[in-house]
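Given next are the chains, with one letter for each unit.
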Amino acid sequence: MDEATRAREFKRELTEVIPHLRAFARGLCGRPDLADDLVQEALMKAWAAQERFQPGTSMRAWTFVILRNAYLTDMRRNRFRADYDETVAERVLTAPAGQESPLHLSDMHRALLTLPPERREALLLVGAGGFSYEEAAEICGCAVGTIKSRVGRARAALNSMLDEGSIPQRSTDDAVAHNAIMGELDSMAEPQSNPGG
């Protein structure tokens, strides 16, 4: 394969993985704006290192490693925080049988963000990314058993949140905060309604 053909093929494959990179980045850092910056950084690094890519291997796995390394570097610098962003889409997912109410995508997103980063990453790679345990282990640079353990624990934690109804609430619908605010308003209103008391 000549150099021009190889460059065209690399560009085509790199372009095809962008949606996967964006989904993985959003799952890792929790904020669309930061995820887009992370994807852009990973794409630039991949482009600069294209001579290291082996044609015929998985472009998706290769770029996920680059993105993951960029994310970890940025986390060390405390650039990324797992803050929930209210602009996340509110598409409804069908809840499993026996669940009383539908599960919103934002609910799952918030639940994922409560998981320890290494478990969230493993679950995203295997569950959402469609990587095998072996591929995920290679991307994370750890043993296959470690990935299986992280995925199992992440799934168990999410199932527990669903079963107990303990998914973190959106800030605008937070019942505890709402009740606290209403309680404060009631206590502030009491002295005004009983001026002599």
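Position labels on residues start from 1 in each chain and follow its written sequence. Residue-level local features of this predicted model are given only where pLDDT is at least 70; pairs of side-chain atoms are given and counted only at 80 or more, and the full residue set underlies all totals for whole chains, interfaces and linings. Each side-chain value is worked out from all heavy atoms of the structure, with water and hydrogens disregarded.

Whenever I open this one, the overall build of the protein confuses me. Can you help?
What the protein contains, in helices and strands, is eight helices and two strands. Helix and strand assignments follow DSSP, with helices taken as H or I runs no shorter than four residues and strands as E runs no shorter than two, numbered in order from the N terminus. Taken from N to C terminus, the helices and strands of the protein fall in the order α-α-α-β-β-α-α-α-α-α. Only protein chains enter the accessibility calculation, which uses a 1.4 Å probe. A residue is then buried if its area is under 20% of the maximum for its type, exposed if over 50%, and partly exposed in between. For the protein, with 197 residues in total, the buried portion stands at 34%. Only the protein chains shown count as cover for residues, and all accessible areas are computed by the Shrake-Rupley method using a 1.4 Å probe. Total accessible area on the protein is roughly 11800 Å²; 53% of this is exposed by carbon and sulfur atoms.

Please clarify how helix H6 (residues 133-140) should be interpreted in this entry.
What sets the pattern is the α-helix's 3.6 residues per turn: residues three or four places apart point alike. The complete set of buried residues in H6 reads Ala136, Ala137, Ile139 and Cys140. Viewed end-on, H6 has its buried residues packed into an arc of 160 degrees, placing them on one side of the element. Contacts were defined at the residue level, with two residues in contact if any of their heavy atoms lie within 4.5 Å. Those residues of H6 that are buried are in contact with helix H3 (59-76), helix H5 (117-128) and helix H7 (144-164). The arc refers to the directions leading from the helix axis to the C-beta atoms.

Can you walk me through the nonpolar core in this structure?
Most often, soluble globular proteins have nonpolar side chains that are buried together. To define a nonpolar core, start from buried Ala, Val, Leu, Ile, Met, Phe, Trp, Tyr and Cys residues and group those joined through side-chain atoms within 4.5 Å. Counting residues in hydrophobic clusters, the biggest one holds 42 residues, and the most contacted among them are Leu67, Leu125, Ile147 and Leu158. Of all the secondary structure elements, the ones that give two or more residues to this core are helix H1 (3-29), helix H2 (32-48), H3, helix H4 (105-114), H5, H6 and H7. Sort the elements by how many residues they give to this core and H1 lands first, with eight residues. Leaving out residues up to four positions away in the same chain, Leu158 has contacts with Met108, Ala111, Leu112, Leu115 and Leu123.

Would you mind going over the packing of H6 against H7 with me for this structure?
The packing of two helices is summarised by the inter-axis angle and the distance between the axes. Between the N-to-C directions of two axes lies an angle of 0 to 180 degrees, each axis being a line fitted to C-alpha atoms and, for a helix, fitted only over the stretch in contact. Two numbers describe how H6 lies on H7: the axes approach to 8 Å, and their chain directions differ by 105 degrees. With respect to H7, the element H6 is oriented roughly perpendicular. Residues Tyr133, Glu134, Ala136, Ala137 and Cys140 of H6 touch H7, and the partners they reach there are Val144, Ile147, Lys148, Val151 and Arg155. Ten residue types, Ala, Val, Leu, Ile, Met, Phe, Trp, Tyr, Cys and Pro, are classed as nonpolar, four, Asp, Glu, Lys and Arg, as charged, and the remainder, Gly among them, as polar. Residues belonging to the contact of H6 with H7 are distributed by class as follows: seven nonpolar, no polar and three charged. The scheme is simple: roughly parallel for angles under 35 degrees, roughly antiparallel for over 145, roughly perpendicular for 65 to 115, oblique for anything else.

What is the right way to look at the packing of aromatic side chains in this model?
Given two aromatic rings, one states the distance between the centres and the angle between the planes to describe the pair. Side-chain rings of Phe, Tyr and Trp, where Trp is taken by its six-membered ring, are said to pair if the distance between their centres is within 6.5 Å; with planes under 30 degrees apart they count as stacked, over 60 as edge-to-face, and otherwise as tilted. Inspection of the entire model under this criterion finds six aromatic pairs. Each ring, one from Phe10 and one from Phe53, has its centre 5.8 Å from the other, and the planes form 65 degrees; the classification is edge-to-face. Here the residue Phe10 occupies a position in helix H1, and Phe53 occupies one in the loop between H2 and H3, the gap between them amounting to 43 residues. Here the aromatic residues Phe10, Trp47, Phe53 and Trp62 are joined through ring pairs into a cluster of three or more.

How should I be thinking about the side chain of Thr63 in this particular structure?
Structurally, Thr63 is set in helix H3. Here the side chain of Thr63 touches Arg60 through a polar contact of 3.1 Å, landing on its backbone oxygen. Not counting chain neighbours up to four residues away, the residues in contact with Thr63 comprise Leu14, Val17, Leu21 and Ala46. Polar contacts here mean pairs of N or O atoms no more than 3.5 Å apart (in protein, one a potential hydrogen donor and the other a potential acceptor; neighbouring residues in sequence count only if both atoms are side-chain atoms).

What am I meant to see in the state of the cysteines here?
By definition, a disulfide links the sulfur atoms of two cysteines through a covalent bond. By definition, disulfides here are pairs of cysteine sulfur atoms that lie within 2.5 Å. One pass over the structure, following the stated rule, counts zero disulfides. Here Cys140 stays unpaired: no disulfide links it, and the sulfur of Cys142, its closest cysteine neighbor, is 5.1 Å away. For Cys140, a relative accessible area of 9% corresponds to the buried category.

Is there a simple way to explain the confidence of the model for the protein in this structure?
Should pLDDT be low for a region, the predicted coordinates there are not to be read in detail. Looking at the protein as a whole, its pLDDT mean stands at 74, while 69% of the residues score no less than 70. Every residue gets a pLDDT, meaning the predictor's confidence in that residue, from 0 to 100. No element of the protein has a lower mean pLDDT than strand E1 (residues 92-93), at 30, and none a higher one than H2, at 91. Here residues 79-102 is a poorly scored stretch, pLDDT under 50, and it has 50 contacts once near neighbours within four places are set aside; other chains count. Ignoring residues within four places in sequence, the model shows residues 176-197, a span with pLDDT below 50, making zero contacts including any to other chains.

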